[in-house]
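An overview of the molecular structure
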There are 2 protein chains.
Amino acid sequence: MDTSALWQRYQTWLYYHEGLEMYLDVSRMRFEPEQIESLKPKFDKAFKDMEELERGAIANPDENRMVGHYWLRDPDLAPSEEIKQEILQPLTQIETFAQKILAGTLKPPQAAKFTDILSIGIGGSALGPQFVAQALASDFPPLEIHFIDNSDPAGIDSVLARIGNRLKSTLVIVISKSGSTPEPRNGMQEVKHAYERQGLNFARHAVATTMPGSKLDRQAKTEGWLEVFPMQDWVGGRTSEMSSVGLLPAALQGIDIRAMLAGAKEMDAATRIRDFKNNPAALLAFCWYCAGNGKGTKDMVILPYKDSLLLFSRYLQQLVMESLGKEKDLDGNVVNQGIAVYGNKGSTDQHAYVQQLREGIANFFATFIEVLEDRQGTSIELEPGITSGDYLSGFLQGTRQALYENHRDSITITIPQVNPRTVGALIALYERAVGLYASLVNINAYHQPGVEAGKKAAASILELQKQVMEAIASAKEPIDLATLAQQAGASKQVEAVYKIVRHLEANNRGIVIQGDRAKPSNLKVTAG
Amino acid sequence: MDTSALWQRYQTWLYYHEGLEMYLDVSRMRFEPEQIESLKPKFDKAFKDMEELERGAIANPDENRMVGHYWLRDPDLAPSEEIKQEILQPLTQIETFAQKILAGTLKPPQAAKFTDILSIGIGGSALGPQFVAQALASDFPPLEIHFIDNSDPAGIDSVLARIGNRLKSTLVIVISKSGSTPEPRNGMQEVKHAYERQGLNFARHAVATTMPGSKLDRQAKTEGWLEVFPMQDWVGGRTSEMSSVGLLPAALQGIDIRAMLAGAKEMDAATRIRDFKNNPAALLAFCWYCAGNGKGTKDMVILPYKDSLLLFSRYLQQLVMESLGKEKDLDGNVVNQGIAVYGNKGSTDQHAYVQQLREGIANFFATFIEVLEDRQGTSIELEPGITSGDYLSGFLQGTRQALYENHRDSITITIPQVNPRTVGALIALYERAVGLYASLVNINAYHQPGVEAGKKAAASILELQKQVMEAIASAKEPIDLATLAQQAGASKQVEAVYKIVRHLEANNRGIVIQGDRAKPSNLKVTAG
């Protein structure tokens, strides 16, 4: 297609949202008019599914749950007055609490004011808050946020070391929907221990974000934590950024959460339109479908040309992959769906993996995120009439063009600036696109049955570890791994036993391994 | 395969490096004995290619260059005395310089000591130093490092704002091999301007890492910068971590660079072995080949279970994708090679995209990085006999098992701890694996011809911008985009002209656009 025809295609397909000043350009995706026609019935169904979901249908049948993240931005749409209050009440609670913290009227026992936030959560409880903090917090926010998003002891130590003696002015947020996920529970216990070591009263620093009645909720209330913020049963982790999970840390960092919600609400309205050419989420879902043949055969590469949007790809990795990566469709057929998502930022990636994107295996489509405003304030000229921002803009156009020339397709989303409204809108856009795409391929986007197997396997490893430690303690002499496995009641789990003792030994947990490390079956284990 | 057979396979294939205490486990990759046999001739050639490369052959024929990153860790292997000195001299220079900075004998004009480093570089000049800083710098390094790795004005502003008035005690490292890459040049000019605004003498804060004789080299010498560190012609950006590019910032952060080099040297020796079962890099390359059928049909998902290794996947993204993502093989055939790489960290990703890995589209293989040491010092028990580190270890084993059960293959690399030696060894391991794989598929791993097109297209956009600005300035009345393009001498580039004016307008660059934004062809542009 020559440049004139492309310009025509650009204009034909350009989507523009006037209120949000947001553009969506799908002109560089090579779909055909026939594909539009053939997908129309699927889209009709997708729009209908979405309408039912928004009305309160059990859109997550496996877990028998409603799916209500869209109500969070427009509580009037909630299917009942009760649910409406479940949204409005925490919003007021968050704003009141944040106000007290920021004003210093609620303060820690041994400091004049809270200065830092330590957020303990994993998955959806971390990825949204991390993305939003990087995108929207000012360089010197009223409270600086830190994250413990793993069960890595060295990682926890590093976060605590960097907070140092500001622990006494740190507000700890423990986020866990069920209250029983091990990672946040581990992080909380480690942090609580650090508070105790410094002679500080953990409860006077801690708040919980959890489902009412959860184990964490009960603990927080029993121990007299500062506050408990409710999570709604009908909000999943990966769509929880506009619930207490995301709004509390945002508000504490001075981010305008009402603007985030307003931006998302505007986008939600735009993505309800049942004409997919005029619905940006439907356009995205359509492009994803065409690119990957409805089977995810192309990876989604996310390239925001703006440093502050660096974590958007990681956020979308969860939203897209956990929602769409499913073994079975809604009728029980094995479909192994999904779309792999990765990315970083432009133009940095031009100097990393764009080589492969342009020339290598064509197993992807790109999504450029363009931000029109370069910076606040004016720019110096690097050469007459040219600024750093002009370069960045030129790199985006150049890379898009170079990819297209080599038959690598791309979508471009353009926003006027990175602000709470546009970030709220971006999140809402992708949430809806994922929901619509799930309907197109007939899967449940709102459960995650595949993570259970790994959790169970991990739990059985920990159970086995206890048995192994007992067996070693009661062994009279060094024993080999097969014998140890047998004595731990797990004669078939020799490899797992080996991994356990190797890890225990490396951490000075009273276990010594002797023998040639290259030949595990020759090793002998003993207490020591 | 049942657990006993798997344990047998584990032992059969286990690679262990005694000196580095490093394990490589490929037992969960489903390759067959026939594949080993059929690849033997290719491996023989790969080993031979590698030997020639190390002897100084022109291993990068397109650029007529030797490829010498292995000499950096073992200068005695350099093909000439001259090259040996090109390695030893900068190493001494770095150590002497770092010592002066750390001791405070070389200090900034208006502060007692340098406190911060501002590193300006992109691609290989940023990814290695970023990975190593996160992996190896202590929580309170002698100098804290900041990165400008893009041409994003807001990103630059944010880095400078956070440095604030410590700019007067900041050492600026400008890294650019050719000295003419726009991004570091832009960053340097922006930073220089910030110094001037604060009345500081930039030259007394600046060092350059560049090729002798480059534009940057000349500028640094003319302006009297503190020092210039040489880059070698025969070291590519993505394999430059053990050159001045990586070693200077590492040394300034108090990282033991001799240990990094020693770890890499040990790994280099291990990966020279011509028996691929006893050569960990060959084993990796073999697994990649089998997984993706020698065509990269499976993505490489990197899952380090250690927060400090978070950036390893981003580092490998460049190393692997820029090296292997090639249109043509060495005989000129179109092959569109490559392996897509992404990842983040475990067990965090268990709560993000492992759902898709386990159940969704099976278009990947995983690489787990296990670190045996949980933390420095002892751990609290979360429940009797169980620590956070036990959980992390259990999650790794559990996820590996859950993936394998569902026919998703994985490699596991185990290191005793994250330290300069093991990080050096990991880098060397992957550098060699990439080199060997490139031989297997008969491509040049050391050039990047595909990035030129995007650069050229970007340059032409900037050229066009100047013409557009002139055309607008001389227009008597508002003109439409087609007319503007014509008057800018680019009547076929209407879309590019549109993008340019939209960007200029958003940045108050004296351009006003009127009309319906949803219909670009109706817009009128005028100076204003």
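So, here's what we can say about the structure.

About the cut-offs
Residues numbered from 1 in each chain as written. Chains lettered and ligands numbered in written order. Predicted model: local features only at pLDDT ≥ 70, side-chain atom pairs only at ≥ 80, totals over all residues. Heavy atoms only, no water. Buried < 20%, exposed > 50% of the residue type's maximum accessible area, 1.4 Å probe, protein only. Helix = DSSP H or I, 4+ residues; strand = E, 2+ residues; numbered from the N terminus. Pairing = 2+ DSSP bridges. Right-handed = clockwise from strand over helix to strand, strands pointing away. Contact = heavy atoms within 4.5 Å. Salt bridge = Lys/Arg side-chain N within 4 Å of Asp/Glu carboxyl O.

**Some words on the pairing of strand E4 (residues 144–148) of chain A**
All names here are of chain A. Counted residue by residue, E4 has 4 buried out of 5 residues, so it is predominantly covered. Pairing of strand E3 (residues 116–120) with E4 involves 5 bridges; the strand directions are parallel. Residue Ile120 lies in a different strand from E4, and its bridge partner there is Ile148. In the classification by handedness, the crossover that spans E3, the intervening helix H4 (residues 124–136) and the parallel E4 is right-handed.

**Let's talk about unusual backbone geometry**
Keep in mind that most residues, glycine aside, have a negative phi and that most peptide bonds are trans. With an omega of -5 degrees, the peptide bond between A:Gly346 and A:Ser347 qualifies as cis. Tracing the sequence through the fold places A:Ser347 in the loop between strand E9 (341–343) and helix H12 (354–359). Within the chain, A:His407 stands out as a residue other than glycine whose phi angle is a positive 65 degrees. A relative accessible area of 58% means that A:His407 is categorised as exposed. Backbone geometry places B:Asn336, a non-glycine residue, at a positive phi of 45 degrees. For B:Asn336, the position within the fold is in the loop between helix H11 (312–324) and strand E9 (341–343).

**Observations concerning the environment of A:Gln198**
Residue and element names in this part refer to chain A. As for its position among the elements, Gln198 is in the loop between helix H6 (182–197) and strand E6 (206–210). Distance in space between the C-alpha atoms of Gln198 and Asn165 is 8.7 Å, their sequence separation being 33 residues. The residues touching Gln198, leaving out its near neighbours within four places in the chain, are Gly164 and Leu167.

**Things to note about the pattern of salt bridges**
Opposite charge on two side chains permits pairing when their charged atoms draw close. Scanning all chains against the criterion turns up 76 salt bridges over all chains. A:Glu51 is the salt-bridge partner of A:Arg274, the closest N and O atoms lying 2.8 Å from each other. Here A:Arg274 is found in the loop between helix H9 (257–270) and helix H10 (280–292), whereas its partner A:Glu51 is found in helix H2 (residues 33–55), with 223 residues between them in sequence. Taking relative accessible area as the criterion, A:Arg274 reaches 45% and is therefore assigned partly exposed. Here B:Glu452 ties to B:Lys455 by a salt bridge, and the two come within 3.8 Å at their closest N and O atoms.

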